[in-house]
Amino acid sequence: SPTFKSYAINSPRIEIHIFDFKENIYGSELEVELVSKIREERCYSSPEALKKQIDSDILEVQRVLSALKN
């Protein structure tokens with residue numbers, strides 16, 4: 001989250017977006033499998049620019065996952 005400077009630099013984190021999921025699972029343990037890295041971490045000029053990138057990332061992940069199914 002470098003755009004909002006809300007984490008310690010030495011604290012490794014990963015952000016997960018779960019498609020079509022609306023339940024509250026905060027505090028729960030999840031098992032995550034890394035399939036593909038889609039881009040390097042970046043800092044954005046505004047929350048709107050970050051949102052635009054997230055929308056683009058979602059399309060890219062859907063493309064990658066679709067290719068894995070075929």
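Quantities reported herein were computed from a predicted structural model and do not represent experimental measurements.

Chemist: Got a minute to help me understand the overall build of the protein in this structure?
Modeler: Scanning the protein from terminus to terminus reveals one helix and zero strands. Out of the 70 residues in the protein, the part that is buried amounts to 10%. Partitioning the intrachain contacts of the protein with sequence separation of at least 6 by distance along the chain shows that 59% fall at a separation of at least 24. Surface accessibility of the protein: about 6700 Å² in total, with carbon and sulfur atoms responsible for 52%.

Chemist: Help me understand unusual backbone geometry, please; the structure alone is not making it clear to me.
Modeler: Note: most peptide bonds trans; most residues except glycine with negative phi. In this structure, D20 takes a positive phi of about 55° despite not being glycine. Relative to the elements of secondary structure, D20 occurs in the segment before α1 (47-69).

Chemist: Just to check I follow, could you spell out a nonpolar patch on the surface for this structure?
Modeler: On the surface, I14, I16, I18, F21, L30, V32 and L34 cluster together into a nonpolar patch covering about 670 Å² of accessible area. With respect to the helices and strands, the residue I14 is situated in the segment before α1.

Chemist: What should I look at first to understand the side chain of D57 in this one?
Modeler: Within the secondary structure, D57 is located in helix α1. Accessibility expressed as a relative area gives 12% for D57, which makes it buried.

Chemist: Even after reading the chapter, I still don't get the side chain of Q53, so can you show me in this structure?
Modeler: Relative to the helices and strands, Q53 is located in helix α1. What Q53 contacts, discounting residues up to four positions off in sequence, is R39, R42 and Y44.

Chemist: How should I be thinking about the pattern of salt bridges in this particular structure?
Modeler: Once their charged atoms are close, side chains differing in charge can pair, the charge on each being opposite to the other. Counted according to the given criterion, the structure contains four salt bridges. Taking the shortest distance from any N to any O, the salt bridge between K37 and E40 comes out at 3.0 Å. Given the relative accessible area of 58%, K37 is considered exposed. On the basis of relative accessibility, which here comes to 52%, the residue E40 falls in the exposed class. In this structure, the salt-bridge partner of R63 is E60, at a minimum N-O distance of 2.7 Å. In this pair, R63 and E60 are both assigned in helix α1, three residues apart and thus about one turn of the helix distant. Judged by its relative accessible area of 48%, R63 falls in the partly exposed class.

Reading the values: rules and limits
- Residues numbered from 1 in each chain as written.
- Predicted model: local features only at pLDDT ≥ 70, side-chain atom pairs only at ≥ 80, totals over all residues.
- Heavy atoms only, no water.
- Helix = DSSP H or I, 4+ residues; strand = E, 2+ residues; numbered from the N terminus.
- Buried < 20%, exposed > 50% of the residue type's maximum accessible area, 1.4 Å probe, protein only.
- Contact = heavy atoms within 4.5 Å.
- Areas by Shrake-Rupley, 256 points an atom, 1.4 Å probe, with all protein chains shown as cover.
- Patch = residues over 30% accessible without salt bridge, like charges linked within 9 Å, V, L, I, M, F, W, Y side chains within 5 Å.
- Salt bridge = Lys/Arg side-chain N within 4 Å of Asp/Glu carboxyl O.

Geometric values such as these leave the question of function open.
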